[in-house]
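The residues making up each chain are set out below.
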Amino acid sequence: MTCTPPVPSTTQPGYVVLDPNCEATGTPFTALAGAKVYTGIRDGAAYRIEVPQRWNGKLVVFAHGYRGTGTAVYVDNPDLRAHYIDAGYAWAASSYATNGYDVGQGCVTRTL
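On a predicted model such as this, the values are computed, not experimentally measured, just so you know.

Reading the values: rules and limits
Residues numbered from 1 in each chain as written. Predicted model: local features only at pLDDT ≥ 70, side-chain atom pairs only at ≥ 80, totals over all residues. Heavy atoms only, no water. Helix = DSSP H or I, 4+ residues; strand = E, 2+ residues; numbered from the N terminus. Rg over C-alpha atoms; globule rule 2.2 N^0.38 Å. Buried < 20%, exposed > 50% of the residue type's maximum accessible area, 1.4 Å probe, protein only. Contact = heavy atoms within 4.5 Å. Areas by Shrake-Rupley, 256 points an atom, 1.4 Å probe, with all protein chains shown as cover. Lys, Arg positive; Asp, Glu negative; His and termini not counted. Charge placed at Lys NZ, Arg CZ, Asp CG, Glu CD. Pairing = 2+ DSSP bridges. Disulfide = S-S within 2.5 Å. Salt bridge = Lys/Arg side-chain N within 4 Å of Asp/Glu carboxyl O.

(A) Inspection of the overall build of the protein chain at higher detail. When helices and strands are tallied, the protein chain shows one helix and seven strands. Of the regular secondary structure in the protein chain, the N- to C-terminal order runs β-β-β-β-β-β-α-β. Relative to the globule expectation of 13 Å for 112 residues, the C-alpha radius of gyration of the protein chain, 14 Å, shows essentially globular dimensions. Dimensions of the protein chain, computed from C-alpha atoms along their principal axes, come out at roughly 40 × 35 × 25 Å. Counting all 112 residues of the protein chain, 33% fall into the buried class. Long-range contacts, defined here as pairs at least 24 residues apart, represent 60% of the contacts in the protein chain between residues at least 6 apart. In the form shown here, the protein chain has an accessible surface area of approximately 7,000 Å², with 55% of it arising from carbon and sulfur atoms. Charge centroids of the protein chain, computed over 8 positive and 8 negative side chains, lie 8 Å from each other.

Structure follows, in structure tokens:
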């Protein structure tokens, strides 16, 4: 798999969204053994979801916290990723549409 260059944000002028199929370092992101990954970009934010084949029906939502004030947004993995998958939990994570300290961004509810 080849990582694609960052794409301009559709919601925040001057921002770019990094490829959710790749780590922020530019290396490809791959599913753990026995899991399937879903990725994408929606409303200026990147997201990842990883679901184990033996899913227990429960989901962990990972919030990455403060990223600084740069203009590149990206998604990353929870530190306990392997534990979640081994225990049968799916996990989901996303970037925000902007960086900085904007508590309200983490409180937005969207219907997919």
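(B) Quick look at the sheet that holds strand E1 (residues 7–8). One open sheet accounts for three strands, arranged E1-E2-E6; its pairing is mixed. Single-partner strands in this sheet number two, and they are E1 and strand E6 (72–73). Looking at chain direction, E1 and strand E2 (residues 16–17) are connected through two bridges and run antiparallel. Bridge pairing links Pro8 to Val16 in E2.

(C) Spotlight on the state of the cysteines. For the structure shown, the criterion picks out one disulfide. With its sulfur 2.0 Å from that of its partner, Cys3 forms a disulfide with Cys22. Disulfide Cys3-Cys22: the torsion about the S-S bond is -110°, which places it as left-handed. Taken together, the residues Cys3 in the segment before E1 and Cys22 in the loop between E2 and strand E3 (35–42) connect sequence positions 19 residues apart.

(D) Structural view of the pattern of salt bridges. Under the counting rule described, the total for this entry stands at four salt bridges. Two residues, Glu23 and Arg48, come together in a salt bridge whose shortest N-O distance is 3.5 Å. Here the residue Glu23 occupies a position in the loop between E2 and E3, and Arg48 occupies one in strand E4 (residues 45–52), the gap between them amounting to 25 residues. The class for Glu23 is partly exposed, based on a relative accessible area of 21%. Given the relative accessible area of 0%, Arg48 is considered buried.

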